[in-house]
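Commentary on secondary and tertiary structure
In case you want the letters, here they are:
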Amino acid sequence: MHMYARLLGPADAGEIDRLFRDGTGALFVWTPREAAGVEASMAALKDLLTGLAPQDTFPGLDRLRADRQSFWLASRGLGTPFTPDPAFLESLDGDPAGGRRGAAFLHGNPQAGADLETLKESLDRALALSAAEVGIPRSWYPALTVRYRVIRYAPLRRRSAGIGMHPDGSVLSALVTDRPGLTLWRDAGTAVQPARDGTLVLPGSILHRWSEGRYDPTFHRVEVGRDAEPKFSMVAFLNFPDRSGIPRRGGTTAGRVFPNDVQACKEDDMDRGGGHWQRFAGPRPATEPRPATGPRSAAGPANALRAG
Ligand SMILES: O=C(O)CCC(=O)C(=O)O
Ligand SMILES: [Fe+2]
């Protein structure tokens, strides 16, 4: 069983659709020139993160919790520049302090801008190719949001650094990373450590909900032990406009709207009281995950996007 596939050129029609239906990721392999740029930028940013205070990670379904140094940035629209608007940064996630650290990092490290742009370009390109294939109309790209988390994992106060098992609460996420530690899970305990010579795109739990189950999210976790080299990642989370009605995949009739609420989806994903996500049967988490049945809270009445 594949856990992800290596895509060496523009994807064959239907290839990404097939992978994401299977809950697997797609690795967009870098050209040698792109690899050199991405690797140099990851190394430079990892150095700059060394000085940041460690933060607790959210405990995953397996309760792994460990520290990391991180901040985040964001853009309004897919393939548009980072937005410097701090109110926007703080509105996107349950971690406004991470957004403030991002604004402070940019301010204090202007030389990091070019490296962040280099990585953003690779992430955005992989997201755009994948978004088109799962049925997101290009006319929606300016209204989508992308949140970029820049991370250094190094055990500072604990035995390990990482993030517990989770699906991403996004439509799609893309990541570049420089060291082992990321594990993708499938049913029956199948696990794989993806290669790191490309940009990896994973289907998220909001894609699962919006597509009414056509696509499955990829469960994954990160763990870096005390003896390992610190690990760098930059992850881009693509989402629909939050708290809006999103026309369902493949067009819509009145009423066929997905009520998008990112925070409610994330909470639902991590609800340990549930006991679902039935197709997921990896190494047992403390309690089983819940299914992506849709957000609990109703979204606002307005449709932010037109059916494409
Ligand atoms: O750093 C990684 O390799 C993955 C990070 C991740 O899963 C996340 O931030 O959601
Ligand atoms: Fe993740």
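- In the annotation of an unreviewed UniProt entry, the entry for the chain reads Fe2OG dioxygenase domain-containing protein, and the organism field reads Kitasatospora kazusensis.
- Word for word, the UniProt comment on the chain under Sequence similarities (unreviewed entry) is "Belongs to the iron/ascorbate-dependent oxidoreductase family."
- UniProt annotates the chain under Pathway (unreviewed entry) with the comment "Antibiotic biosynthesis."

A word on the packing of aromatic side chains
- In the structure shown here, the tally under the stated rule is five aromatic pairs.
- Ring plane angle 85° and centroid distance 5.2 Å describe the contact between F82 and Y148, whose orientation is recorded as edge-to-face. Highlighted residues: F82 in the loop between β4 (67–76) and α3 (86–91) and Y148 in strand β5 (residues 145–153), separated in sequence by 66 residues.
- Residue classification places F82 among the buried residues on the basis of a relative accessible area of 15%.
- Among the aromatic side chains, those forming a connected cluster through ring pairs are W140, W210 and F240.
- Its end group placed over the ring of F88, R76 keeps NZ or CZ at 4.3 Å from the ring centre.
- The aromatic ring of F82 is capped on one face by K120, whose charged end is 5.3 Å from the ring centroid.

Some thoughts on the sheet that holds strand β10 (residues 198–203)
- Read from one edge of the open sheet, eight strands run β1-β2-β10-β7-β12-β5-β4-β3, paired in mixed fashion. Strands with a single pairing partner mark the edges of an open sheet, and in this sheet they are β1 (4–7) and β3 (55–56).
- Two elements, strand β7 (residues 172–177) and strand β12 (residues 231–239), share six bridges in a ladder whose sense is antiparallel. Its bridge partner being in β12, T177 is matched across the sheet by S233.
- Across the face of the sheet, helix α4 (residues 96–108) comes into contact with β3 and β4 while running at roughly 80° to β4.

As for the packing of helix α2 (residues 32–49) against helix α5 (residues 113–133)
- Two numbers describe how α2 lies on α5: the axes approach to 8 Å, and their chain directions differ by 130°. Of the possible angle classes, the one that applies to α2 and α5 is oblique. Every pair of crossing elements has a handedness; the one defined by α2 and α5 is left-handed. Here α2 contributes E34, G37, V38, S41, M42, A44 and L45 to the contact with α5, which in turn contributes D115, L116, T118, L119, S122 and R125.
- Looking at the contact of α2 with α5, its residues break down into six nonpolar, four polar and three charged.

Points about the pattern of salt bridges
- A full pass over the atoms with the stated rule returns 13 salt bridges.
- For E223, the salt bridge is made with R159, and the minimal N-O distance between the two is 3.8 Å. Highlighted residues: E223 in strand β11 (residues 219–225) and R159 in the loop between β5 and β6 (160–166), separated in sequence by 64 residues.
- Relative accessible area serves as the criterion here: at 28%, E223 is assigned to the partly exposed category.
- Given the relative accessible area of 61%, R159 is considered exposed.
- Here R256 and E212 are joined by a salt bridge, their closest N and O atoms 3.5 Å apart. Of the two residues, R256 is situated in the loop between β13 (244–247) and β14 (257–260) and E212 in the loop between α6 (205–210) and β11; the sequence distance between them amounts to 44 residues.
- A cluster of three or more residues bridged by salt bridges with shared partners is formed by D17, R214 and R249.

What about the environment of L144?
- Of note, L144 is situated in the loop between α5 and β5.
- It is 9.8 Å that separates the C-alpha atoms of L144 and G79, two residues lying 65 residues apart in sequence.

Points about α4
- In a regular helix each residue adds 1.5 Å, so 13 residues correspond to 18 Å; α4 covers 18 Å between its end C-alpha atoms and thus fits that length.
- Looking only at α4, the buried set comprises G98, G99, R101, G102 and F105. Axial view of α4: buried residues confined to an arc of 155°, hence all on one face. Residues of α4 that are exposed and point over 90 degrees away from its buried face: H107 and G108.

A closer look at the site of ligand 1
- In the vicinity of ligand 1 there are 13 residues, among which Y153, H166, D168, H220 and S233 approach most closely.
- H166 is positioned with one of its side-chain polar atoms (N or O) 3.0 Å from an oxygen atom of ligand 1.
- Residue H220 places a side-chain N or O atom 3.0 Å away from an oxygen atom belonging to ligand 1.
- Starting from 290 Å² of accessible surface for ligand 1 in isolation, the protein chains cover 96%.

Notes on the nonpolar core
- Formed by 52 residues in total, the largest nonpolar core has its most connected members in F20, L116, I136, L172, M234 and F240.
- With seven residues, the top contributor of residues to this core is α5.
- Ignoring anything within four residues of it in the chain, the contact list for L172 reads F20, L127, S130, A131, V201, L202, P203, G204, L207, A236, F237 and L238.
- With 16 residues, the next largest nonpolar core counts L27, A161, L184 and V224 among its residues.

Conventions used here
- Throughout, residues of each chain are indexed from 1 in the direction in which the sequence is written.
- The lettering of chains begins at A and the numbering of ligands begins at 1, in the order of writing.
- Per-residue local features are limited, in this predicted model, to residues with pLDDT of at least 70; the limit for side-chain atom pairs, both in listing and counting, is 80 or more; totals at the level of whole chains, interfaces and linings are taken over all residues.
- Computation of side-chain values covers all heavy atoms of the structure but excludes hydrogens and water.
- UniProt positions are given in the numbering used here, feature names are shortened, and annotations may be inferred rather than shown by experiment.
- Aromatic pairs are defined between Phe, Tyr and Trp rings, using the six-membered ring for Trp, whenever the two ring centres lie within 6.5 Å; interplanar angles under 30 degrees are classed as stacked, those over 60 as edge-to-face, and all others as tilted.
- Numbering goes from the N terminus for both helices and strands, where a helix is a DSSP run of H or I of at least four residues and a strand is a run of E of at least two.
- For each residue, the accessible area found with a 1.4 Å probe, counting protein chains only, is set against the maximum for its type, and the residue is called buried under 20%, exposed over 50%, and partly exposed in between.
- Over a ring means this: the NZ of a Lys or the CZ of an Arg is within 6 Å of the ring centre and within 35 degrees of the ring normal.
- Pairing between strands is defined by DSSP: at least two bridges between them are needed.
- We call two residues in contact when some of their heavy atoms are within 4.5 Å.
- To get an axis, a line is fitted to the C-alpha atoms, and for a helix only the part in contact is used. The angle between two axes follows their N-to-C directions and goes from 0 to 180 degrees.
- Each angle gets one of four labels, with under 35 degrees taken as roughly parallel, over 145 as roughly antiparallel, 65 to 115 as roughly perpendicular, and the rest as oblique.
- The sense of a crossing depends on the near helix, which, turned anticlockwise from the far helix by less than a right angle, makes the crossing left-handed and, turned clockwise, makes it right-handed.
- Under the scheme applied, nonpolar residues are Ala, Val, Leu, Ile, Met, Phe, Trp, Tyr, Cys and Pro; charged residues are Asp, Glu, Lys and Arg; polar residues are all the others, including Gly.
- Here, a salt bridge means any Lys or Arg side-chain nitrogen found within 4 Å of an Asp or Glu carboxyl oxygen.
- Here a helix's expected span is defined as the number of its residues, less one, multiplied by 1.5 Å.
- Arc definition: it is the arc formed by the directions from the helix axis to the C-beta atoms.
- Any residue with at least one heavy atom within 4 Å of a molecule or strand is counted as near it.
- Whenever a nitrogen or oxygen atom comes within 3.5 Å of another N or O atom, the pair is scored as a polar contact, on the condition that within protein one atom can donate a hydrogen and the other can accept it, and that pairs from neighbouring residues in sequence are kept only if both atoms are in side chains.
- Here the Shrake-Rupley method, with its probe set to 1.4 Å, supplies the accessible areas, and only the displayed protein chains count as covering residues.
- In plain words, nonpolar cores are sets of buried Ala, Val, Leu, Ile, Met, Phe, Trp, Tyr and Cys residues tied together by side-chain atoms within 4.5 Å.

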